[in-house]
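Fold and contact review
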Amino acid sequence: MFLIHIWVASIGGAVVIAGLAMGYFTVATFIWGAIIGLVLGVPAALLNWVYLRPNRSRQIGWTWPIANKIRAAAKEHPSTR
């Protein structure tokens, strides 16, 4: 849950800051920030969790092709050797 909150807030905040920097000072800027944050942040957080906990994600049945690629990348990382 913590990773989801961090990813969604970071992406949503970046979108809002970009919108405000371009001069869009409406409520729509914040709504778009929230929508884009949720759409991109939740999958990013889940894949980040797969990278950090490859064995646990396999145990609960996450066998998506992208999850397998993330697990392979985690095995190749120098900190896991």
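Fair warning: this is a prediction, and the values are worked out from it, not measured in the lab.

Scoring rules and cut-offs
- Residues numbered from 1 in each chain as written.
- Predicted model: local features only at pLDDT ≥ 70, side-chain atom pairs only at ≥ 80, totals over all residues.
- Heavy atoms only, no water.
- Helix = DSSP H or I, 4+ residues; strand = E, 2+ residues; numbered from the N terminus.
- Buried < 20%, exposed > 50% of the residue type's maximum accessible area, 1.4 Å probe, protein only.
- Contact = heavy atoms within 4.5 Å.
- Expected span 1.5 Å × (residues − 1).
- Patch = residues over 30% accessible without salt bridge, like charges linked within 9 Å, V, L, I, M, F, W, Y side chains within 5 Å.
- Areas by Shrake-Rupley, 256 points an atom, 1.4 Å probe, with all protein chains shown as cover.
- Salt bridge = Lys/Arg side-chain N within 4 Å of Asp/Glu carboxyl O.
- Polar contact = N/O pair within 3.5 Å; in protein donor to acceptor, adjacent residues only side chain to side chain.
- Arc of directions from axis to C-beta.

Within the secondary structure layout, Arg71 lies in helix H4 (residues 65–76). For Arg71, a relative accessible area of 4% corresponds to the buried category. Contacts of Arg71, omitting those with residues within four sequence positions, involve Val50, Pro54, Ser57, Arg58 and Trp62.

A few words now on H4. A rise of 1.5 Å per residue sets the reference length of H4, with its twelve residues, at 16 Å; its end C-alpha atoms lie 17 Å apart and thus fit the reference within 8%. Buried positions along H4 lie against helix H2 (27–52) and helix H3 (54–59).

Here we come to a nonpolar patch on the surface. Side chains of Val27, Ile31, Trp32, Ile35, Val39 and Leu40 sit close together on the surface and give an oily, nonpolar patch of about 620 Å² of accessible area. Here Val27 is to be found in helix H2. Judged by relative accessible area, which is 62%, Val27 ranks as exposed.

It is worth spelling out the side chain of Ser57 at this point. If you trace the backbone, Ser57 turns up in helix H3. For Ser57, the side chain forms a polar contact with the side chain of Arg71, separated by 3.2 Å. With near-sequence residues (within four places) excluded, Ser57 lies in contact with Trp49, Val50, Trp62 and Arg71.

On to helix H1 (residues 2–21). For an α-helix, the turn length of 3.6 residues means that residues three or four places apart are oriented alike. If you check H1, its first and last C-alpha atoms are 28 Å apart, about what 20 residues at 1.5 Å a residue would give, namely 28 Å. Turning to H1, its buried residues number three or more, namely Val8, Ile11, Gly12, Val16 and Gly19. Mapping the buried residues of H1 onto a view down its axis gives an arc of 135°, with all of them on the same face. Among the exposed residues of H1, those pointing more than 90 degrees away from its buried face are Phe2, Ala9, Ile17 and Ala21. On its buried face, H1 is in contact with H2.

Further remarks concern the environment of Leu40. Turning to its location among the elements, Leu40 is positioned in helix H2. When the C-alpha atoms of Leu40 and Val8 are compared, they prove to be 7.4 Å apart, with 32 residues separating the residues in sequence.

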